Each structure stands twice: as C-alpha cells, then as structure tokens.
Amino acid sequence: VAQSAEHSHGKDKVNGSIPFGGFSKYSMRGGLLVGCRERTENMASKKQTVEIIALQCTECKRRNYTTKKNRKTMQEKLELMKYCKWDRKHTLHKETKVK
C-alpha cells in the first residue's frame, strides 16, 4: 500500500518503505530506527530527580523501610516516626542511602 502511494507521487524505484505508526515498539531518531529497549533506557536517565532511599531506625540502627524521594521538592533529609519491629514500638527513622 505504501509503495503504491509512493509510485503515484512520481517515485519510480521504491525498494521498501516504513509507514508512520506501523511499528509501535520502534521510533525514528535521525532517520534510524531505535528499538524499545534503548528508548526506555533514555527515559530512565531523565528521571534522576526521584531516588530510592532507605529509612534507618535511630535506636537499633537497622534499615527497616525503603521509599522514593523527589530531590527537587525536598532537599533536607527525611525523618519519620515509623514502627520498628525489632524494638516493637514507633521510633524515629532517618533517611540513608540504599546500598
């Protein structure tokens, strides 16, 4: 179908063509087809403002929880009162890095 459309527009020799919207898992970048995996890797690199953090208990020093934090909206370290199953009570948990 696409070749017949190009023939009607004056192109005599057409080897093949890729119609727009024909490939859902490919996109065009600079005239080259780019696969789904590369596009998702580029999208993941743009989302660096949200990072995964761990919450560490101040009493037993164990990392009991993990959560996400937006670095643009919250620059200070996160501190929450969370339940520590080792101490069996609510204690202050502070933000630490995930290893």
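Further up the page is the structure itself.
**Q** It is not clear to me how the overall build of the protein chain should be interpreted in this structure. Could you clarify?
**A** Counting its regular elements, the protein chain contains 2 helices and 6 strands. Taken across its 99 residues, the protein chain has 13% of its residues classed as buried. Counting only contacts in the protein chain whose residues sit at least 6 apart along the sequence, the fraction spanning at least 24 positions is 31%. Total accessible area on the protein chain is roughly 8500 Å²; 52% of this is exposed by carbon and sulfur atoms.

**Q** How should the packing of aromatic side chains be read in this particular structure?
**A** Any pair of aromatic rings gets described here by the distance separating the centres and the angle formed by the planes. Tallied over the full model, the rule gives 0 aromatic pairs. We note R62 situated over the ring of W86; from NZ or CZ to the ring centre the distance is 4.1 Å. One Lys or Arg, K82, reaches over the ring of Y65 and ends 4.5 Å from the middle of that ring.

**Q** Could you clarify how one ought to interpret the environment of T67 in this entry?
**A** Structurally, T67 is set in strand β4 (residues 63-70). Judged by relative accessible area, T67 falls into the partly exposed class, the value being 31%. The spacing of T67 and E51 is 16 residues in sequence and 8.5 Å in space, taken between C-alpha atoms.

**Q** Could you clarify how one ought to interpret the sheet that holds strand β3 (residues 50-57) in this entry?
**A** Within a beta sheet, neighbouring strands are joined by backbone hydrogen bonds and run either parallel or antiparallel to one another. Strand order in this open sheet of 4 strands is β4-β3-β6-β5, and the pairing throughout is antiparallel. Strands at the two margins of the open sheet, each flanked by one partner only, are β4 and β5 (79-84). Direction aside, neighbouring strands of the sheet carry axes that sit 45 degrees apart on average. Across 6 bridges, the pairing between β5 and strand β6 (residues 89-97) is antiparallel. Counterpart to L80 in the pairing with β6 is H93.

**Q** How should I be thinking about the side chain of E95 in this particular structure?
**A** Its location among the elements puts E95 in strand β6. Of note is the side chain of E95, whose polar atom sits 2.8 Å from the side chain of K69. At 2.9 Å, the side chain of E95 forms a polar contact with the backbone nitrogen of L78. Beyond its immediate stretch of four places on either side in the chain, E95 contacts I53, A54, L55, K69, E76, K77 and L78.

**Q** For this particular structure, what's the right way to read unusual backbone geometry?
**A** Excluding glycine, residues mostly have negative phi values, and the peptide bonds linking residues are mostly trans. A positive phi angle, near 65 degrees, is found at K61, a position not held by glycine. Looking at the secondary structure, you find K61 in the loop between β3 and β4. For K61, a relative accessible area of 54% gives the class exposed. Within the chain, R88 stands out as a residue other than glycine whose phi angle is a positive 60 degrees. Relative to the assigned elements, R88 resides in the loop between β5 and β6. Among the residues examined, R88 registers a relative accessible area of 70% and is labelled exposed.

The rules behind each value
- Residues numbered from 1 in each chain as written.
- Predicted model: local features only at pLDDT ≥ 70, side-chain atom pairs only at ≥ 80, totals over all residues.
- Heavy atoms only, no water.
- Helix = DSSP H or I, 4+ residues; strand = E, 2+ residues; numbered from the N terminus.
- Buried < 20%, exposed > 50% of the residue type's maximum accessible area, 1.4 Å probe, protein only.
- Contact = heavy atoms within 4.5 Å.
- Areas by Shrake-Rupley, 256 points an atom, 1.4 Å probe, with all protein chains shown as cover.
- Phe/Tyr/Trp six-rings, centres within 6.5 Å; stacked < 30°, edge-to-face > 60°.
- Lys NZ or Arg CZ within 6 Å of the ring centre and 35° of its normal.
- Pairing = 2+ DSSP bridges.
- Axes fitted to C-alpha atoms, helices over the stretch in contact; angles between N-to-C directions.
- Polar contact = N/O pair within 3.5 Å; in protein donor to acceptor, adjacent residues only side chain to side chain.

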